[in-house]
Amino acid sequence: MTARRRSDSFDRSSGLGRGPAAAGASRQGADRSAVAFSGEALSRAAREGSSTEGWYGASGWGVYPIEPEILALFELAEPFRFPQSAEEGDAPFSPAARMLWRLPEGGYVGGLMGRPHTLYWPVCPRSGSAPVGPPPLAPPARCTARWNRQSGRWEVIAPAPIWRRFEMTAGLTCGQSAEVRTIVFDHQGGEHRGTPPGEVITVYDSLAMFSKPPTAAEAAGAMGMAVFAADRNRWEIVAMQTPADFLGTLAQDCHRWDTTAAVWPQLNTLSAGYNPFGAGVSQPTIVMNIAGGGNQTIGPPLHLPAQWFSGREGDRVLCRWHIRGGYYYLAGIEPNDLDYQPLDVLTRTTLTIDFAGQSFSHRRYARQIRLPPWTTIGPEVEV
């Protein structure tokens, strides 16, 4: 017995499905064929919308051939839209996508020649029943879509999240962008930075969480990871090394009114993070001396803002990177007492009187203390 193949419910000449009516007509034709052959009803072996159908008769049973899966390559022309009403359905969609096809001699054509199609993304993440973003792709990305005979539409086969590891050697201001060299390993384990199969891309600090100074030429830059955000069509940083804390010594006196200080870094004290100085240090690093002293002023006669730290040349200091400010600053100094004011403080007195010998003695005991330069010492008052 010869089984008649079910007619294809996809119109290959137009790229569109003929819909449920055409599929139903195909099934009816199959039913009539089976009834005419055996006088018994057709038994379908698949769910509604499937291309698999079966038949049985006096001489046995069989299955009609399965229709092939239909895939196509598209180029997006518009961003994915999220449905705003029931009329738009419940799946994000991208209108005006162009079907592409490959020429025998190589290359793809059809971006502006083919008829536009709407691509759907039914397997998107959801919050309850509502679809949520971001979308998987953005124009002019290319993607593969599958023709779903049951729904009668093209549905995107969404790619996995796109990410890159990178090395950043340029400076980065918090919340801004910078060029980086991607790090890609080939099949032999070779490492490529900024050259094929790696590339140079621009990454964005969208969360305002990272910053760094320019890296010394002989040192590796900060390593990081970035993901491609299709909703903004750009690479965004998700993780990156920050400049390491370090201990050092003052290259010259740092007074309480100095807003900056020159420090010799000690590279063997670098903590978590990366080394922005390179293999060696040829000149002092300028770090910030942040405002302190209760935000008061030093004087008279100076009347200058009081900074937090002061020290003499050679004093030990701790420096830390300020992510939002984009600079190193003094986080500690020892002993932090330069420019303190000396003051003698009376601690006790001794009075001796001898009436018989007509003698009298009075002894005073005092010690010196040192006060921050912003402290005001009032005039002496007799009590």
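Please refer to the structure higher up on the page.
Just so you know, these numbers come straight off a predicted model, no measurement behind them. (Residues numbered from 1 in each chain as written. Predicted model: local features only at pLDDT ≥ 70, side-chain atom pairs only at ≥ 80, totals over all residues. Heavy atoms only, no water.)

S.K.: Which residues make up the environment of Asp315, and what are the values?
M.R.: Residue position: Asp315 is located in the loop between β23 (304-305) and β24 (316-322). Between the C-alpha atom of Asp315 and that of Asn336, which follows or precedes it by 21 residues, the distance is 8.5 Å. Not counting residues within four places of it along the chain, the set of residues in contact with Asp315 comprises Gly248, Thr249, Leu250, Ile333, Glu334 and Pro335. Polar contacts involving the side chain of Asp315 include one to the main-chain amide nitrogen of Arg312, which spans 2.7 Å. (Helix = DSSP H or I, 4+ residues; strand = E, 2+ residues; numbered from the N terminus. Contact = heavy atoms within 4.5 Å. Polar contact = N/O pair within 3.5 Å; in protein donor to acceptor, adjacent residues only side chain to side chain.)

S.K.: So what about the pairing of strand β25 (residues 327-334)? Which residues, and what values?
M.R.: Inspection of the sheet shows β24 paired to β25 by 7 bridges, in the antiparallel sense. Counterpart to His322 in the pairing with β25 is Tyr327. Turn length for the β24-β25 hairpin, with the two strands adjacent in sequence and antiparallel, is 4 residues, and the turn residue Gly326 shows positive phi of about 75 degrees. (Pairing = 2+ DSSP bridges.)

S.K.: Can you explain a nonpolar patch on the surface? Please cite residues and give values.
M.R.: A cluster of nonpolar residues, Trp163, Met225, Val227 and Val238, forms a patch on the protein surface that exposes about 320 Å² of accessible area. With respect to the secondary-structure elements, Met225 resides in strand β17 (residues 222-229). Judged by its relative accessible area of 32%, Met225 falls in the partly exposed class. (Patch = residues over 30% accessible without salt bridge, like charges linked within 9 Å, V, L, I, M, F, W, Y side chains within 5 Å. Areas by Shrake-Rupley, 256 points an atom, 1.4 Å probe, with all protein chains shown as cover. Salt bridge = Lys/Arg side-chain N within 4 Å of Asp/Glu carboxyl O. Buried < 20%, exposed > 50% of the residue type's maximum accessible area, 1.4 Å probe, protein only.)

S.K.: Now, about the pairing of strand β18 (residues 234-240): what can you tell me, with residues and values included?
M.R.: Counting buried positions along β18 gives 5 out of 7 residues, so the element sits mostly inside the fold. Pairing geometry for strand β16 (residues 200-204) and β18, over 2 bridges, is parallel. Its bridge partner being in β18, Val203 is matched across the sheet by Trp235. Note: β17 against β18, 6 bridges, orientation antiparallel. By the bridge assignment, Ala229 is partnered in β18 with Arg234. As consecutive antiparallel partners, β17 and β18 are separated by 4 residues, and within that stretch Asn233 has a phi angle of approximately 55 degrees, a positive value.

S.K.: Would you mind going over the nonpolar core in detail, with residue names and values included?
M.R.: Membership of the largest hydrophobic core comes to 15 residues, with the highest contact counts inside it found for Phe74, Leu76, Leu119, Cys143 and Trp154. If you list the elements that add at least two residues to this core, you get β5 (71-75), β11 (142-148) and β12 (153-156). Among the elements that make up this core, the one with the highest residue count is β11 (3 residues). (Core = buried A, V, L, I, M, F, W, Y, C linked by side-chain atoms within 4.5 Å.)

That is the geometry; function is a separate question.
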